[in-house]
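Single-letter residue listing:
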Amino acid sequence: MQRTAGNSAAQQVVARSAHSGSAPPVQRAGDESATGPASKPNTNATAAFRKEFTEFIYGKDSLSFDEAYWAFVDNQVIYTSDVTGNATFQEKVKTLVWQKAQDKVNDYRKEAQPMNIPDGEPVRLYRKMSAREAEIFLKAKSPKAGITKSMEYGDKQYRKYLTTSLVHTASFNNEDSADRDNEAVLEFRIPAKDYWAFFAKYAKPNQLTGVFNQADSAVVNQEGHRVGDQVNFRKQEQVDEVLLKKTHHNVGIGGGNVAEFARMTTAIEEIDKSRLDQAVADSKAAMTASLISGLKSS
């Protein structure tokens, strides 16, 4: 298997170092016969190669196997070129790591993810918005006053959407933002018991016929939290499952329930960018760990 033309683009994904002399080879645990990269496959080195390659390819869906493989190989210090350049070895990596990883990622993304709220902790909802809208909340004398004022201009079908996942806001396409270059992410805290009671009372499938004409409906979906044909809800059973399993979701608050939502919101604060970045990193680590655990050694 030869490097493809696309390899040049992949080289830009990561800086070359392992074979440039800037980073000396290291001996892997269990590879007592070598003082550097292994010159032939062995159990411990293969396990290390799989783990690190799996971590490397996370989030690089735009790369082909050849691009990802050679970008990784040029920076790894586990195997020599005699091993990594071997077509049989490459095919095993593609079959046992790359393809299994893609399957695992797809399976992971199709499933709704649990919120895992510790006992005694509130439900935390997030909304990305323009800085101008954020000021309405942050300068109000109370959370209730801020929420009420922010909804004053809404018509009967208007909904203000919030999400249970801070990570989701990092990629949220905020089409309604007045200034996409000057946005903020706010956190709304609600006692868990109150939120789930509110959810049970008002939550409706976002694609239920006529739902937006129901002023008191809080429309729910899981766009951005999973992939597949289950991200939008058409049946009440889908909403009920969110309530039962306490999974991540989006909720649209409307004029008919905003007063109750405002009353139970105890705090609103702006999220610092470093916290958002850490949430994204933690989510990536959790997904990668789940993915790696599903890749069994041959």
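Now for a look at the structure at hand. (Residues numbered from 1 in each chain as written. Predicted model: local features only at pLDDT ≥ 70, side-chain atom pairs only at ≥ 80, totals over all residues. Heavy atoms only, no water.)

## Brief notes about the layout of surface pockets
Right, so step 1: Computed from the structure, the largest pocket encloses a volume of approximately 1,200 Å³.
Right, so step 2: Ser165, Val167, His168, His248 and Ser283 are, among the 35 residues lining the largest pocket, the residues nearest its centre.
Right, so step 3: Mapped by element, the contributors of at least two residues to the lining of the largest pocket are helix 5 (87–110), strand 1 (123–130), helix 8 (166–170) and helix 12 (273–293).
Right, so step 4: Among the elements that line the lining of the largest pocket, the one with the most residues is helix 12, at eight residues.
Right, so step 5: Residue composition of the lining of the largest pocket, by class: 17 nonpolar, eleven polar and seven charged. (1 Å grid on protein atoms, 1.4 Å probe; cavity = no way out; pocket = protein on both sides within 12 Å on 5 of 7 lines; lining within 4 Å. Points joined across faces, edges and corners; volume = space filled by probe spheres on them. Helix = DSSP H or I, 4+ residues; strand = E, 2+ residues; numbered from the N terminus. Nonpolar A, V, L, I, M, F, W, Y, C, P; charged D, E, K, R; others polar.)

## Structural notes on helix 3 (residues 65–73)
Right, so step 1: Most of helix 3 is tucked away, with nine of its nine residues classed as buried.
Right, so step 2: Buried within helix 3 we find Phe65, Asp66, Glu67, Ala68, Tyr69, Trp70, Ala71, Phe72 and Val73. (Buried < 20%, exposed > 50% of the residue type's maximum accessible area, 1.4 Å probe, protein only.)

## Focus on the nonpolar core
Right, so step 1: Counting residues in each nonpolar core, the largest one holds 32 residues, and the members touching the most others are Leu125, Ile147, Phe188, Tyr195, Phe199 and Phe261.
Right, so step 2: For this core, the secondary structure elements donating two or more residues are strand 1, helix 6 (131–138), strand 3 (183–190), helix 9 (192–202), strand 5 (218–221), helix 10 (236–245), strand 6 (250–254) and helix 11 (258–264).
Right, so step 3: Sort the elements by how many residues they give to this core and helix 9 lands first, with five residues.
Right, so step 4: Ignoring anything within four residues of it in the chain, the contact list for phenylalanine 261 reads Leu125, Ile147, Leu162, Ile190, Phe198 and Ile253.
Right, so step 5: With 23 residues, the next largest nonpolar core counts Phe53, Trp70, Val83 and Ala101 among its residues. (Core = buried A, V, L, I, M, F, W, Y, C linked by side-chain atoms within 4.5 Å. Contact = heavy atoms within 4.5 Å.)

## A word on the packing of aromatic side chains
Right, so step 1: For the structure shown, the criterion picks out 19 aromatic pairs.
Right, so step 2: The interplanar angle of 70 degrees and the centroid separation of 5.7 Å between the aromatic rings of phenylalanine 65 and tryptophan 98 together place this pair among those described as edge-to-face. Taken together, the positions of phenylalanine 65 in helix 3 and tryptophan 98 in helix 5 put the pair 33 residues apart, joining distant regions of the chain. The same class applies to phenylalanine 65 as to tryptophan 98, namely buried.
Right, so step 3: Each ring, one from tyrosine 69 and one from tryptophan 70, has its centre 5.2 Å from the other, and the planes form 85 degrees; the classification is edge-to-face.
Right, so step 4: On the accessibility criterion, tyrosine 69 (0% relative accessible area) is buried. (Phe/Tyr/Trp six-rings, centres within 6.5 Å; stacked < 30°, edge-to-face > 60°.)

## Regarding unusual backbone geometry
Right, so step 1: A positive phi is found at asparagine 116, a non-glycine position, where the angle reads about 55 degrees.
Right, so step 2: Within the secondary structure, asparagine 116 sits in the loop between helix 5 and strand 1.
Right, so step 3: The phi angle at lysine 246 is positive, at roughly 55 degrees, despite the residue not being glycine.
Right, so step 4: Looking at the secondary structure, you find lysine 246 in the loop between helix 10 and strand 6.
Right, so step 5: Residue lysine 246 is classed as partly exposed on the basis of its relative accessible area, which comes to 31%.

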